[in-house]
Amino acid sequence: MSKRSLTYWSPRLHVPGARLPWILAQFLIPLCLVAACTSSPEAAALPSGQDLVKKSSEAMKSVKTVAFTIATEGKPPVPVKHAEGALTKEADAKGTLQIDVLGNLQELNFVLKGDTVYFKGPTGGYQTMTRKELAGIYDPSAILSPDKGVAQLLATASDPKTEAEESIGGVAAYRVAVTLSQQVITALVPGVNQGVNGQVWIDKATNRLLKASLPIGGGANAGTVVVTFGDYDAPVTITAPPK
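Residues numbered from 1 in each chain as written. Predicted model: local features only at pLDDT ≥ 70, side-chain atom pairs only at ≥ 80, totals over all residues. Heavy atoms only, no water.

1. A look at the overall build of the chain
Then, in step 1: Looking only at helices and strands, the chain has six helices and eleven strands in total.
Then, in step 2: In the chain, which comprises 243 residues, the share counted as buried stands at 37%. (Helix = DSSP H or I, 4+ residues; strand = E, 2+ residues; numbered from the N terminus. Buried < 20%, exposed > 50% of the residue type's maximum accessible area, 1.4 Å probe, protein only.)

So, in structure tokens, the structure goes:
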């Protein structure tokens with residue numbers, strides 16, 4: 001065999017073989033870029049649950065007004081079955097309340113203004129009680145209290161763990177699993193006699209609380225209380241109803 005033939009067939013000088021690593025690189029690099037661009041949000045690192053609840057607690061302390069809804073699913077052993085309304089940082093509030101009284105569901109309209117509570121049923125006019133008397137039943141204005149409301153609930157949450165990113169009412173949020181103490185949670189949901197392993201959803205942009213899901217009770221008396229918040233710092237006017 002000639003010297004020229006040996007040179008031509010040498011693997012070191014064979015052009016296709018020499019270019020193989022370069023060709024593979026040109027093929028694999030775009031694939032890696034595509035995979036990175038299309039990775040799901042779950043694949044990204046989630047922020048610390050402890051940091052999220054701490055920031056949310058601080059954010060809730062500066063809230064001026066908020067709209068809230070409390071709803072129940074199943075048969076949780078709590079007297080308040082449904083409530084919705086608006087609150088202010090001055091502890092004024094207005095809305096409606098469905099409460100179980102000795103097995104009978106009663107719906108009330110309420111207005112909290114100063115130290116006076118105005119309430120009425122489906123018929124008749126408004127009656128009054130003091131805020132102290134209302135506290136023995138349920139005082140929704142406590143929700144924005146920095147000492148016993150949502151801010152305190154988040155500040156005292158234990159074992160917070162960020163589970164996922166989700167959308168709540170079109171708002172991007174983090175879902176965080178938390179353990180909540182009975183002493184603090186009663187400010188949101190009266191009648192709870194035990195700690196709760198629940199979930200909270202925290203607004204990614206503002207750190208404010210958007211939703212809380214609280215499994216309560218057991219057996220035939222088990223269910224979930226769902227508390228939602230919205231319309232943060234929207235204008236709210238609360239006045240005493242006419243006599």
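2. Some words on the nonpolar core
Then, in step 1: Ranked by internal contacts, the top residues of the largest apolar core, which has 48 residues, are V189, L214 and F229.
Then, in step 2: The residues touching V189, leaving out its near neighbours within four places in the chain, are V78, L214, I216, V225 and V227. (Core = buried A, V, L, I, M, F, W, Y, C linked by side-chain atoms within 4.5 Å. Contact = heavy atoms within 4.5 Å.)

3. Things to note about the environment of P140
Then, in step 1: One can find P140 in the loop between α4 (131–135) and α5 (150–155).
Then, in step 2: For P140, a relative accessible area of 4% translates into the label buried.
Then, in step 3: Separated by 45 residues in sequence, P140 and G95 place their C-alpha atoms 9.5 Å apart.
Then, in step 4: Ignoring anything within four residues of it in the chain, the contact list for P140 reads F68, L87, F110 and L134.

4. A closer look at the confidence of the model for the chain
Then, in step 1: Predicted confidence across the chain gives a mean pLDDT of 83, with 82% of residues reaching 70 or more.
Then, in step 2: Low pLDDT, under 50, characterises residues 20–43; the stretch is placed with two contacts to residues that sit more than four places away or in other chains. (pLDDT = per-residue confidence, 0-100.)

5. Observations concerning the sheet that holds strand β1 (residues 65–74)
Then, in step 1: Strand order in the open sheet formed by eleven strands is β6-β5-β4-β3-β2-β1-β11-β10-β9-β8-β7, and the pairing between neighbours is antiparallel. Either end of the sheet is taken by a strand with one partner, and the two such strands are β6 (127–130) and β7 (158–168). Averaged over all neighbouring strand pairs, the angle between strand axes comes to 20 degrees, with direction disregarded.
Then, in step 2: Pairing between β1 and strand β2 (residues 80–88): seven bridges, direction antiparallel. Counterpart to T65 in the pairing with β2 is T88.
Then, in step 3: Packing against the sheet, helix α3 (residues 49–61) makes contact with β7, β8 (171–180), β9 (196–203) and β10 (209–218), and its axis sits at approximately 75 degrees to β7. (Pairing = 2+ DSSP bridges. Axes fitted to C-alpha atoms, helices over the stretch in contact; angles between N-to-C directions.)

6. Notes on the environment of S167
Then, in step 1: By the element assignment, S167 lies in strand β7.
Then, in step 2: From its side chain, S167 meets the backbone nitrogen of G170 in a polar contact 3.4 Å long. (Polar contact = N/O pair within 3.5 Å; in protein donor to acceptor, adjacent residues only side chain to side chain.)

7. Comments concerning the pairing of β8
Then, in step 1: Counted residue by residue, β8 has seven buried out of ten residues, so it is predominantly covered.
Then, in step 2: As judged from the eight bridges shared by β7 and β8, these two strands associate in the antiparallel manner. Across the sheet, residue S167 finds its bridge partner in β8, namely A172.
Then, in step 3: Taken together, the eight bridges between β8 and β9 define a ladder with antiparallel strand orientation. Its bridge partner lying in β9, V176 is registered against V200.

8. Observations concerning unusual backbone geometry
Then, in step 1: Notably, D159 is not glycine yet its phi reads approximately 50 degrees, a positive angle.
Then, in step 2: For D159, the position within the fold is in strand β7.
Then, in step 3: A residue is classified by how much of its surface remains accessible, and D159, at 64% relative accessible area, is exposed.

9. Regarding the packing of aromatic side chains
Then, in step 1: Taken as a whole and judged by the stated rule, the model has zero aromatic pairs.
Then, in step 2: Against the face of Y126 rests K120, its NZ or CZ located 5.8 Å from the ring centre.
Then, in step 3: If you follow K211 out to its NZ or CZ, it ends over the ring of W201, 4.7 Å from the centre. (Phe/Tyr/Trp six-rings, centres within 6.5 Å; stacked < 30°, edge-to-face > 60°. Lys NZ or Arg CZ within 6 Å of the ring centre and 35° of its normal.)

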